[in-house]
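# A look at the structure
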Amino acid sequence: MFTELTEAKKNLQKKGFLDMEVDVRLDLFAEIERLKKEKNAIILAHYYQEPDIQDVADYIGDSLGLSQQAAKTDADIIVFAGVHFMAETAKILSPQKKVLLPDLKAGCSLADSAPPELFARFKAQYPDHLVISYINCSAGIKALSDIICTSSNAEKIIEAVPKDQPIIFAPDRNLGSYLVKKTGRDMVLWNGACMVHEIFSLEKITKLKVRHPNAKIIAHPECEAPVLAIADFIGSTTGLLKFTQRDDAKEYIVVTETGILHQMQKENPDKTFIPAPPNNACACNDCPHMKLNTLEKLYLCMEYEQPEITMDEQLRIAAKRPIDRMLEISAQAGL
Ligand code: SF4
């Protein structure tokens, strides 16, 4: 991955792309719409993207929805407004398409917490185990896995595996611990974590709840166990959004990346959404990787069709197998 980043960056620097400024008089919303039509491009955006990007996207979703869209689109270009492993997943599923990522440096602390060489050695200690990996991992980890899952379908995927089959779950230890409790399966966990979901302060959330006693606490399962223990509802990003649509509370303390608040507020204009505070004064509940993408970079990447995600074909084939397995199980379970 790092060779790829460096090479791509060098190519862009040769073209002067990285230093390029966008004319402030341009209507970027209109320009992006024009480029979409001219190039038969589709923009897939994750819920954690900034509001402007969500507003120009053709599809907004979490990892499962985005990978399903990437697999079935007939566009020639997929512009992935998300992080590197997500754009990689789109390339794995749609190799004949050009996949662009507005900022190639948009990585992921969770994906980086599982280097494939170390994981291969870890896996070798458990030769009888089946590997289920959360989609937030590199193509290298996917290639070492038997089935991929997302936070939306993880429980169903684990339940689809025979009860006597031992499992390794990677790379998120918090999601893994939550799933051990939910499914009763004693899985071996890789010790990775997301820097955003680990930062929430139990003390500050508790204080916030005292000030807003009627607010429901809703949390993503990547959060640590003490935070999940006080949540009224735990779910994937899409799960949290859907919960706020069907639930009758008027106020929510939202314990996940703040980007989702944009859709929550759009879907529920009469409700109040309070972002859960991190454990210091930083804005660490904003994912710094996701937020590297901007509307300007999105426009430039569509105009110049760079930076592009490329991948070794053998790696792509090996990484696709466990994703296909996930999509099959999800389809069978009606997810
Ligand atoms: S929020 Fe966490 S898991 Fe998602 S991209 Fe950012 S660092 Fe990775």
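Model, not experiment: these values are computed from the prediction. (Residues numbered from 1 in each chain as written. Predicted model: local features only at pLDDT ≥ 70, side-chain atom pairs only at ≥ 80, totals over all residues.)

### Here we look at the site of the ligand
As a structural note, the neighbourhood of the ligand is formed by 13 residues, with Cys-108, Leu-110, Cys-194, Val-196 and Cys-287 the closest of them. Residue classes in the shell around the ligand are distributed as nine nonpolar, three polar and one charged. (Near = placed C-beta within 6 Å. Nonpolar A, V, L, I, M, F, W, Y, C, P; charged D, E, K, R; others polar.)

### Describing helix H14 (residues 260–267)
For H14, every residue scored as buried is listed here: Ile-260, His-262 and Met-264. Where H14 is buried, its residues contact helix H3 (51–56), helix H13 (237–246), strand E11 (251–255) and strand E12 (272–275). (Buried ≥ 20, exposed ≤ 12 C-beta atoms within 10 Å, placed from the backbone. Helix = DSSP H or I, 4+ residues; strand = E, 2+ residues; numbered from the N terminus. Contact = placed C-beta atoms within 7 Å.)

### Details of the environment of Ala-318
You can see Ala-318 is positioned in helix H16 (residues 313–332). For Ala-318, a count of 17 C-beta atoms within 10 Å gives the class partly exposed. Counting along the chain gives 172 residues from Ala-318 to Asp-146, while the straight-line C-alpha distance between them is 9.8 Å.

### Topic: helix H4 (residues 63–72)
Among the 10 residues in H4, seven count as buried, and that is most of the element. Listed in full, the buried residues belonging to H4 are Ser-63, Leu-64, Gly-65, Leu-66, Ser-67, Gln-69 and Ala-70.

### Regarding the sheet that holds strand E5 (residues 130–134)
Spatially, the four strands line up as an open sheet ordered E6-E5-E7-E8, and their pairing is parallel. Of all the strands in the sheet, the pair left with one neighbour each is strand E6 (147–149) and strand E8 (188–189). When E5 meets E6, the two strands line up parallel, connected through three bridges. Across the sheet, Tyr-134 pairs through a bridge with Cys-149, a residue of E6. (Pairing = 2+ DSSP bridges.)

### Considering the pairing of strand E3 (residues 77–81)
The buried count for E3 comes to five of five residues, which makes it a mostly enclosed element. Residues Ile-77, Val-79 and Ala-81 of E3 are buried on one face, and the alternating residues Ile-78 and Phe-80, pointing to the opposite face, are buried as well. Bridging between strand E1 (residues 41–46) and E3 involves five bridges; their strand directions are parallel. Note that in E3 the partner of Ala-41 across the bridge is Ile-77. The sheet contact formed by E3 and strand E4 (residues 98–100) spans three bridges and is parallel. Bridge pairing in E4 links Ile-77 to Lys-98. Handedness of the E3-helix H5 (residues 84–93)-E4 crossover: right-handed. (Right-handed = clockwise from strand over helix to strand, strands pointing away.)

### A word on the nonpolar core
Counting 91 residues, the largest nonpolar core has Leu-44, Val-79, Phe-80 and Val-255 as the members making the most contacts within it. What Val-255 contacts, discounting residues up to four positions off in sequence, is Phe-200, Ile-205, Ile-217, Ile-218, Ala-219, His-220, Cys-223, Val-227, Ala-231 and Ala-276. (Core = buried A, V, L, I, M, F, W, Y, C linked by C-beta atoms within 7 Å.)

### Focus: the domain arrangement of the protein chain
On domain assignment, one finds that the protein chain holds domain 1 (2–107 + 289–310), domain 2 (110–194 + 318–332) and domain 3 (202–275). Between the C-alpha centres of domain 1 and domain 2 the distance comes to 27 Å. Opposite the 12 residues of domain 1 that make contact, domain 2 presents 15 residues. Those elements that place two or more of their residues in the side of domain 1 that touches domain 2 are H4 and H5. Class assignment for the residues of the side of domain 1 that touches domain 2 results in five nonpolar, five polar and two charged. (Domains from an automatic or database assignment.)

### What about the packing of H5 against H16?
The interhelical angle for the contact between H5 and H16, taken along N-to-C directions, is 95°, at an axis separation of 9 Å. Here H5 lies roughly perpendicular to H16, going by the angle between them. Only Arg-316, Ala-319, Lys-320 and Ile-323 of H16 make contact with H5, whose side of the interface consists of Thr-89, Ile-92 and Leu-93. Along the lines of polarity and charge, the residues of the contact of H5 with H16 split into four nonpolar, one polar and two charged. (Axes fitted to C-alpha atoms, helices over the stretch in contact; angles between N-to-C directions. Parallel < 35°, antiparallel > 145°, perpendicular 65-115°, else oblique.)

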